[in-house]
Amino acid sequence: MKALRFVFLIAPTIACCGPVAAASLPPAGAASCSGCHALHEPASSPIPRIYGRDANEIVTVMAAFRDGSRPSTVMGRIAKGFSDEELRPIAAWLESQK
Ligand code: HEC
């Protein structure tokens, strides 16, 4: 009887939330941004917030950092390590984070 109750309580929980949790996992490369751009940055942080920002805007800004048309201290070098194809899923994931 105890085992049966376990199945009824736990199984629906896994069925309900498994795919949602998997969908919110950061894509490859996204974790390298959060070292500097923390999700819950204090308002006083000198590093701009990038979470919840429009994905197209992030890709555009990264391209400008990459070709040097947007001045930066570190982002120019970081942007050179990512192609637009790699950035799109990262930007979409960042946009989905609030
Ligand atoms: C070494 C720390 C560091 C890492 C890692 C880093 N950033 Fe940044 N980011 C900065 C800093 C500092 C700025 C301000 C511009 C500058 O001085 O380079 C910035 C600015 C930005 C901006 C412009 C925001 C604005 O409002 O002007 C975007 C977009 C951005 N970063 C995206 C990313 C993404 C995407 C990644 C991961 C691929 C990333 N950053 C990784 C430090 C970092």
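So, how was this worked out
- Here the residue numbering is sequential within each chain, running from 1 through the sequence in written order.
- Where totals are concerned, whole chains, interfaces and linings use all residues; where local detail is concerned, this predicted model gives features only for residues with pLDDT of at least 70, and gives and counts side-chain atom pairs only at 80 or more.
- A molecule or strand has a residue near it when that residue's C-beta atom, placed from backbone coordinates, lies within 6 Å of it.
- Labels follow the DSSP assignment, with helices taken as runs of H or I lasting at least four residues and strands as runs of E lasting at least two, numbered in each case from the N terminus.
- Polar here means any residue other than Ala, Val, Leu, Ile, Met, Phe, Trp, Tyr, Cys and Pro, which are nonpolar, and Asp, Glu, Lys and Arg, which are charged; Gly is therefore polar.
- You can read pLDDT as the predictor saying how much it trusts each residue, on a scale of 0 to 100.
- Note on contacts: each residue gets a C-beta atom placed from the backbone, and two residues are in contact if those atoms are within 7 Å.
- Angular values range over 0 to 180 degrees, each being the angle between N-to-C directions of two axes fitted as lines to C-alpha atoms, with helices fitted over their stretch in contact.
- In this scheme, roughly parallel covers angles under 35 degrees and roughly antiparallel covers those over 145, while 65 to 115 is roughly perpendicular and the rest are oblique.
- Each crossing is labelled by how the near helix is turned from the far one, with a counterclockwise turn of less than a right angle marking it left-handed and a clockwise turn marking it right-handed.
- One fewer than the residue count of a helix, multiplied by 1.5 Å, yields its expected span.
- To sort residues by burial, count the other C-beta atoms lying within 10 Å of each one's C-beta; a count of 20 or more means buried, 12 or fewer means exposed, and anything in between means partly exposed. C-beta atoms are built from the backbone.
- Starting at the helix axis, one direction is taken to each C-beta atom, and the arc is that of these directions.
- Each nonpolar core comprises buried Ala, Val, Leu, Ile, Met, Phe, Trp, Tyr and Cys residues, the members being joined through C-beta atoms within 7 Å.

Trainee: Could you give me a rundown of the site of the ligand, with the residues and numbers involved?
Mentor: Close to the ligand lie 19 residues, the nearest being Cys33, Cys36, Ser72, Thr73 and Met75. Of all elements in the fold, only α2 (31-34), α3 (55-67) and α4 (75-79) reach the threshold of two or more residues within the shell around the ligand. If you tally residues by element for the shell around the ligand, the top one is α3, at three residues. Looking at the shell around the ligand residue by residue, the class counts come to 13 nonpolar, six polar and no charged.

Trainee: A description of the environment of Glu86 should follow, citing residues and the corresponding values.
Mentor: Assignment of secondary structure puts Glu86 in helix α5 (residues 84-96). Distance in space between the C-alpha atoms of Glu86 and Gly29 is 7.9 Å, their sequence separation being 57 residues.

Trainee: Go over the confidence of the model for the chain, please, and point to the residues and values.
Mentor: Scored by pLDDT, the chain has a mean of 83; 76% of the residues are at 70 or more. Highest mean pLDDT in the chain belongs to α3 (98); lowest belongs to helix α1 (residues 2-23) (50). Between residues 9-19, whose pLDDT stays under 50, and residues either more than four places distant or in other chains, the model counts zero contacts.

Trainee: Can you tell me about the packing of α3 against α5, naming the residues and giving the values?
Mentor: Their axes nearest at 8 Å, the elements α3 and α5 cross at an angle of 135 degrees. If you check the angle between α3 and α5, you find them oblique. In this structure, α3 meets α5 at a crossing whose hand is right-handed. Residues Ala55, Ile58, Val59, Met62 and Ala63 of α3 form the contact with α5, whose participating residues are Asp84, Leu87, Arg88, Ala91, Ala92, Leu94 and Glu95. Of the residues contributing to the contact of α3 with α5, the split by class is nine nonpolar, no polar and three charged.

Trainee: I'd like a description of α3, backed by residues and values.
Mentor: With 13 residues, α3 should cover 18 Å at 1.5 Å per step; its first-to-last C-alpha distance of 19 Å lies within 8% of that length. Taken together, the buried positions of α3 are occupied by Val61, Met62, Phe65 and Arg66. Taken down its axis, α3 places every buried residue within 140 degrees of arc, on the same side. Those residues of α3 that are exposed and aimed more than 90 degrees away from the buried face are Asn56, Glu57 and Asp67.

Trainee: Describe in detail α5, supporting the description with residues and values.
Mentor: Since the α-helix turns once every 3.6 residues, residues separated by three or four places project in the same direction. Between its terminal C-alpha atoms α5 stretches 18 Å, which fits the 18 Å expected from 13 residues at 1.5 Å a residue. Taken residue by residue, α5 has Leu87, Ile90, Ala91 and Leu94 as its buried positions. For α5, the angular spread of buried residues about the axis comes to 105 degrees, placing them on one side. Those residues of α5 that are exposed and aimed more than 90 degrees away from the buried face are Glu85 and Ser96. The elements touched by buried residues of α5 are α3.

Trainee: So, the nonpolar core: which residues are in play, and what are the values?
Mentor: Formed by Ile50, Val61, Met62, Phe65, Phe82, Leu87, Ile90, Ala91 and Leu94, the largest nonpolar core amounts to nine residues. With four residues, the single largest contributor to this core is α5. The contacts of Leu87, once residues within four sequence positions are left out, are Val59, Met62 and Phe82.

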